[in-house]
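Analysis of the macromolecular model
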Amino acid sequence: MMTTAALTLSSDSRNQATEAQLQTAPARVNPSKARLALVMILAVYPLITVLLYILAPLTEGWAVWHRTILIAPIMVLSIVFVVSPAIQRYFGWFVARMPSPTK
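Residue positions are given per chain, counted from 1 along the sequence in the order it is written. Restriction of local features to residues with pLDDT of at least 70 applies here, the model being predicted, together with a cutoff of 80 or more for giving and counting side-chain atom pairs; totals for whole chains, interfaces and linings are based on all residues. Values shown for side chains rest on all heavy atoms present in the structure; no hydrogens or waters enter the calculation.

1. Re the overall build of the protein
In DSSP terms, a helix is any run of H or I states spanning at least four residues, a strand is any run of E spanning at least two, and both are numbered starting from the N terminus. Looking only at helices and strands, the protein features 3 helices and 0 strands. Listing the helices and strands of the protein from first to last along the sequence gives α-α-α. For each residue, the accessible area found with a 1.4 Å probe, counting protein chains only, is set against the maximum for its type, and the residue is called buried under 20%, exposed over 50%, and partly exposed in between. The buried share among the 103 residues of the protein stands at 13%. Two residues form a contact once any of their heavy atoms are found within 4.5 Å. Contacts in the protein between residues far apart in sequence, at least 24 positions, make up 64% of those at least 6 positions apart.

2. Observations concerning the side chain of Ser 78
Considering the arrangement of structural elements, one finds Ser 78 in helix H3 (residues 64–95). Filtering out sequence-adjacent residues up to four positions away, Ser 78 remains in contact with Leu 47 and Val 83.

3. Thoughts on the packing of aromatic side chains
A ring pair, where both rings are aromatic, is described by two values, the distance of the centres and the angle of the planes. Side-chain rings of Phe, Tyr and Trp (the six-membered ring for Trp) are treated as a pair once their centres are within 6.5 Å; stacked means planes under 30 degrees apart, edge-to-face means over 60, and tilted covers the remaining angles. Within this structure, the stated rule accounts for 1 aromatic pair. A centroid spacing of 6.0 Å and a plane angle of 75° characterise the contact between Trp 93 and Phe 94, whose relative ring orientation is edge-to-face. When the NZ atom of lysine or the CZ atom of arginine is within 6 Å of a ring's centre and also within 35 degrees of its normal, the charge is said to sit over that ring. For the cation-ring pair, Arg 35 lies above Phe 94, with the distance from its terminal atom to the ring centre recorded as 4.6 Å.

4. Notes on a nonpolar patch on the surface
Here, patches come from residues exposed beyond 30% relative accessible area and free of salt bridges, joined within 9 Å for like charges and within 5 Å for nonpolar side chains (Val, Leu, Ile, Met, Phe, Trp, Tyr). For accessible areas, the Shrake-Rupley method is used with a probe of radius 1.4 Å. Any residue's cover is judged against the shown protein chains and nothing else. The salt bridge definition used is simple: a Lys or Arg side-chain nitrogen within 4 Å of an Asp or Glu carboxyl oxygen. A cluster of nonpolar side chains, Trp 62, Trp 65, Ile 69, Leu 70 and Ile 74, forms an exposed patch at the surface whose accessible area comes to about 520 Å². Relative to the elements of secondary structure, Ile 69 occurs in helix H3.

5. A few points about the side chain of Thr 59
Looking at the secondary structure, you find Thr 59 in the loop between helix H2 (33–58) and H3. Take Thr 59: its relative accessible area is 4%, and that puts it in the buried class. Within 3.5 Å is the distance limit for a polar contact, defined as a pair of N or O atoms, with the added protein rule that one can donate a hydrogen and the other accept it, and that residues adjacent in sequence qualify only through two side-chain atoms. Reaching out from Thr 59, the side chain makes a polar contact with the backbone oxygen of Leu 55 at a distance of 2.8 Å. Setting aside residues no more than four positions away along its own chain, Thr 59 makes contact with Arg 67 and Leu 70.

6. Some words on the nonpolar core
Only buried Ala, Val, Leu, Ile, Met, Phe, Trp, Tyr and Cys residues count toward a nonpolar core, and they belong to the same one when joined by side-chain atoms within 4.5 Å. If you look at the biggest cluster of nonpolar residues, it comprises 8 residues: Val 39, Val 44, Leu 51, Leu 55, Ile 71, Met 75, Val 83 and Ile 87. Broken down by secondary-structure element, the contributors of at least two residues to this core are H2 and H3. If we skip the residues at most four places from it in the chain, Val 44 touches Met 75, Ile 79 and Val 83.

7. Things to note about unusual backbone geometry
If a residue is not glycine, its phi is most likely negative; likewise, a peptide bond is most likely trans. Phi is positive for Arg 97, which is not a glycine, with a value near 60°. By the secondary structure assignment, Arg 97 is in the segment after H3.

This is how it looks when you write it as structure tokens:
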């Protein structure tokens, strides 16, 4: 059974821990959706164009929905596993409105 002194002590130590966490927490960055959209368009457009040039001769005579069912998974997987991580790694500073990193 805890006494009043023990309860006061434990709540005081929790308050101190919370205050320490707040003091050391970095400022939250508010990324720009417009900048992310711009970088995504610049990265995805060439990818879609190349994919269409490659698949057009192979899917000649197919209905539009047949081509789409083939292209959509390829595009989604490439965006999720290639394009987005590359944008975060190389252009994250631009999307987050931060100065360019110096190398």
